[in-house]
Amino acid sequence: QVQLVESGGGLVQAGGSLRLSCAASTASGSIFRTYVMGWYRQAPGNQRELVATITSGGSEKYGDSVKGRFTISRDNAKNTVYLQMNSLKPEDTGVYYCNTEGQLLVSGTYRSMSYWGQGTRVTVSS
């Protein structure tokens, strides 16, 4: 019922910047209210790790490896989350996945749901 559309990934040189976007959309007649939106990443051979999350109230949380370099933000009206990535390092290379937690209105009742995007690849060359 909910689709997460990601964009902004690509290939950049070390020290460069990228801005990722993720928009949550619903089918006609459906309503989805997001509470938490965020980004996770997975490098080749490694486990998926937290990058950053943000609540509907604007509270931010970052993984230790990206603090001071990445900034997360959101547009509540559009159910969209952004990730500004600066001073990129080769260690930031991986597939970045968008995630959202919220409530979906189904037959007059809100149900707690969680969704994942397909992922967008970020490659940082040295």
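Further up the page is the structure itself.
In this text, all values refer to a predicted model and were calculated from it rather than measured experimentally. (Residues numbered from 1 in each chain as written. Predicted model: local features only at pLDDT ≥ 70, side-chain atom pairs only at ≥ 80, totals over all residues. Heavy atoms only, no water.)

S.K.: Can you walk me through the nonpolar core in this structure?
M.R.: General note: in soluble globular proteins, nonpolar side chains tend to be found buried as a group. Counting 27 residues, the largest nonpolar core has Trp 39, Leu 83, Met 85 and Tyr 96 as the members making the most contacts within it. Those elements that provide at least two residues to this core are β1 (2-7), β3 (18-26), β4 (31-42), β5 (49-55), β7 (70-75), β8 (80-85), β9 (94-106) and β11 (120-125). With four residues, β3 is the single largest residue contributor to this core. Contact partners of Met 85, with chain neighbours within four places excluded, come to Gly 16, Ser 17, Leu 18, Leu 20, Arg 69, Phe 70, Tyr 96 and Val 122. (Core = buried A, V, L, I, M, F, W, Y, C linked by side-chain atoms within 4.5 Å. Buried < 20%, exposed > 50% of the residue type's maximum accessible area, 1.4 Å probe, protein only. Helix = DSSP H or I, 4+ residues; strand = E, 2+ residues; numbered from the N terminus. Contact = heavy atoms within 4.5 Å.)

S.K.: Explain the packing of aromatic side chains here, please?
M.R.: Where two aromatic rings form a pair, the distance of their centres and the angle of their planes describe that pair. A full pass over the atoms with the stated rule returns two aromatic pairs. Ring geometry for Phe 32 against Tyr 115: centres 5.5 Å apart, planes inclined by 80°, an arrangement best described as edge-to-face. Residue Phe 32 is located in strand β4, and its partner Tyr 115 is located in strand β10 (residues 109-116); the two are separated by 83 residues in the primary sequence. Residue Phe 32 is classed as buried on the basis of its relative accessible area, which comes to 6%. The exposure class assigned to Tyr 115 is buried, which follows from its relative accessible area of 11%. (Phe/Tyr/Trp six-rings, centres within 6.5 Å; stacked < 30°, edge-to-face > 60°.)

S.K.: Hey, could you run me through the environment of Gly 102 in this one?
M.R.: With respect to the secondary-structure elements, Gly 102 resides in strand β9. Sequence spacing of Gly 102 and Phe 32 is 70 residues, and the spatial spacing of their C-alpha atoms is 6.9 Å. Setting aside chain neighbours within four positions, we find Gly 102 in contact with Phe 32, Arg 33, Thr 34, Tyr 35, Arg 111, Ser 112 and Met 113.

S.K.: How should the pattern of salt bridges be read in this particular structure?
M.R.: Close approach of charged atoms lets side chains of opposite charge pair. By the definition in use, this model includes four salt bridges. Between Arg 41 and Glu 49 there is a salt bridge, with the nearest N and O atoms lying 2.7 Å from each other. Taking relative accessible area as the criterion, Glu 49 reaches 34% and is therefore assigned partly exposed. Residue Asp 64 is joined to Lys 67 by a salt bridge in which the shortest nitrogen-to-oxygen separation is 3.0 Å. You'll find Asp 64 and Lys 67 in the same group, each marked exposed. (Salt bridge = Lys/Arg side-chain N within 4 Å of Asp/Glu carboxyl O.)

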